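# Chains, contacts and geometry: an overview
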Amino acid sequence: MDNAFKDIVDKLKDSQSISKEDFAYLLERGDKDDIEYLFAAARDVAEKYFLKEVYLRGLIEFSNYCKNDCYYCGIRCSNRNAERYRLSEEEILSCCDIGAKIGFKTFVLQSGEDPYYTDDRICSIVRKIKIAHPDCAVTLSIGEKSKESYQEFFDYGADRYLLRHETADEEHYSMLHPASMSGARRKQCLFDLKEIGFQVGCGIMVGTPHQTVDHIYEDILFMQELQPHMIGIGPFIPHKDTPFKDEPEGSVDRTLRLLAILRLLFPKVLLPATTALGTADALGREKGILAGANVMMPNLSPSNVREKYLLYDGKICTGEEAAECNACLRARVSRIGYHVADSRGDHPDFV
Ligand code: 5AD
Ligand code: FES
């Protein structure tokens, strides 16, 4: 037992802030009991705002074409082994119909940065989903666009936008991305989205090559500035056809500690227990909820394209149907004493 560890947890819980030294201590020190104390504090704060509810977001991976070449990602444009696909508007709408039938109130439309989907096409899809399912939220996760494009998506009814910043440190950013991409531009997109009125999600991978504790602390400072509504984090998992194929996988333990710290720093934030966490550890998503996460993203993509949307190796849920992932997640949530919420699950401060 380590009283210093517990004192830092208490101080963090009371003040919703943490010094760099204390942050490093919580990430790297402590025994099993200390870590459980951190997780219990995070659960306690999550329960205060969300009871024991978990929100489900149906994820539709509608295209794996991407014009970018991020060194970590399996659908990078240089990967000639990726079998590319695009879903039609009708296919996307039918995914939403299936999702609505099994109770989802949020649809997340995710793709690579695929120029085939012009602003007009995205707006048309968003509007049709909102007409068919007016009680549901539409989340876009389609990468970097101009502020004008984001504004159009919003005007056509998109509610939320997910764009992980990947790392707040410009030098680290340049170790993960080709020179054509910039961390500053990525951050600007997030501020633009926020200003327009989206509920915004940023986030990072844990354990990307060259990532240090100082980098993650910089991520926290950036998040304190942005004040996102959602923070998506999961372990880095290598993909065999990328430059990072021989790099080690990110640590599940570190991901869970970071989830708990984020819950204590941002009590009301939406915090997913990600598919990457469930891939790195068979019980990773449950452990995530028990470390303060409150969102899960079941796969709603048609089963014939699932094994093509592979950002990393070993991704779970590629063989299942939408209904199977839904039932599986509901069972996993109730097994740990939580339950799936019926509401849209907007951020508590978002009206
Ligand atoms: N391992 C884990 N997560 C990854 N992502 C992309 N590639 C990987 C990988 N190899 C994450 C990125 C991206 C999100 C959609 O998926 O953070 O923003
Ligand atoms: Fe897809 Fe469990 S969530 S099979």
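Preceding block: the structure.
Residues numbered from 1 in each chain as written. Chains lettered and ligands numbered in written order. Predicted model: local features only at pLDDT ≥ 70, side-chain atom pairs only at ≥ 80, totals over all residues. Heavy atoms only, no water.

Counting across every chain of the model gives four cavities of 30 Å³ or more. Along the walls of the largest cavity sit 50 residues, with Q110, S141, R164, Y309 and L311 positioned nearest its centre. Contributing elements (two or more residues each) for the lining of the largest cavity: β2 (58-63), β3 (106-111), β6 (199-206), β7 (230-235), α11 (275-280) and α14 (322-335). Here the lining of the largest cavity gets five residues from one element, more than from any other, and that element is β7. Of the voids in this model, the second largest cavity is the one considered here, and its volume is about 70 Å³. If you go around the second largest cavity, the residues you meet are R57, V108, T139, R160, L162, Q199, V200, G201, H229, M230, L270 and M297. Elements with a contribution of two residues or more to the lining of the second largest cavity: β5 (160-162) and β6. (1 Å grid on protein atoms, 1.4 Å probe; cavity = no way out; pocket = protein on both sides within 12 Å on 5 of 7 lines; lining within 4 Å. Points joined across faces, edges and corners; volume = space filled by probe spheres on them. Helix = DSSP H or I, 4+ residues; strand = E, 2+ residues; numbered from the N terminus.)

This part covers the state of the cysteines. Considering all chains together, one arrives at zero disulfides under this definition. No disulfide involves C123; its sulfur sits 15 Å from that of C96, the nearest cysteine. (Disulfide = S-S within 2.5 Å.)

The subject of this paragraph is the site of ligand 1. Surrounding ligand 1, one finds Y72, C73, Q110, R164, E166, M205, P235, F236, I237, L311 and Y312. Contact between ligand 1 and Y72: a nitrogen atom at 3.0 Å from a main-chain N or O atom of the residue. At a separation of 2.9 Å, an oxygen atom of ligand 1 approaches a polar side-chain atom of R164. Protein burial of ligand 1: of its 400 Å² of free accessible surface, 86% is covered by the chains. Applying the majority rule of atoms within 2 Å of the grid points places ligand 1 in the largest cavity. When grouped by side-chain class, the residues that make up the shell around ligand 1 number eight nonpolar, one polar and two charged. (Near = heavy atom within 4 Å. Polar contact = N/O pair within 3.5 Å; in protein donor to acceptor, adjacent residues only side chain to side chain. Areas by Shrake-Rupley, 256 points an atom, 1.4 Å probe, with all protein chains shown as cover. Sits in = over half its atoms within 2 Å of the grid points. Nonpolar A, V, L, I, M, F, W, Y, C, P; charged D, E, K, R; others polar.)

Let's shift gears to the side chain of S111. Following the sequence through the fold, S111 ends up in strand β3. Given the relative accessible area of 10%, S111 is considered buried. Not counting residues up to four positions away in its chain, the partners in contact with S111 are F62, S63, S141, I142 and Y309. (Buried < 20%, exposed > 50% of the residue type's maximum accessible area, 1.4 Å probe, protein only. Contact = heavy atoms within 4.5 Å.)

Attention now goes to the packing of aromatic side chains. Where two aromatic rings form a pair, the distance of their centres and the angle of their planes describe that pair. On inspection of all chains with the given rule, the structure shows 11 aromatic pairs. Centre to centre, the rings of F23 and Y217 are 5.8 Å apart; their planes meet at 45°, and the pair counts as tilted. Residue F23 is located in helix α2 (residues 20-28), and its partner Y217 is located in helix α9 (residues 213-226); the two are separated by 194 residues in the primary sequence. What makes F23 buried here is its relative accessible area of 0%. When the ring of F154 is compared with that of F198, the centres are 5.0 Å apart and the planes differ by 65°; the resulting orientation is edge-to-face. Taken together, the residues span a long stretch of sequence, with F154 in helix α6 (residues 147-155) and F198 in the loop between α8 (183-196) and β6 at a distance of 44 residues. Looking at F198, the relative accessible area reads 1%, which means it is buried. Above the plane of the ring of Y65 lies R86, whose end atom (NZ or CZ) is 3.8 Å from the centre. One cation-aromatic arrangement involves R121 over Y116; the distance from NZ or CZ to the ring centre is 4.0 Å. (Phe/Tyr/Trp six-rings, centres within 6.5 Å; stacked < 30°, edge-to-face > 60°. Lys NZ or Arg CZ within 6 Å of the ring centre and 35° of its normal.)

By themselves, these figures tell us nothing about what the structure is for.
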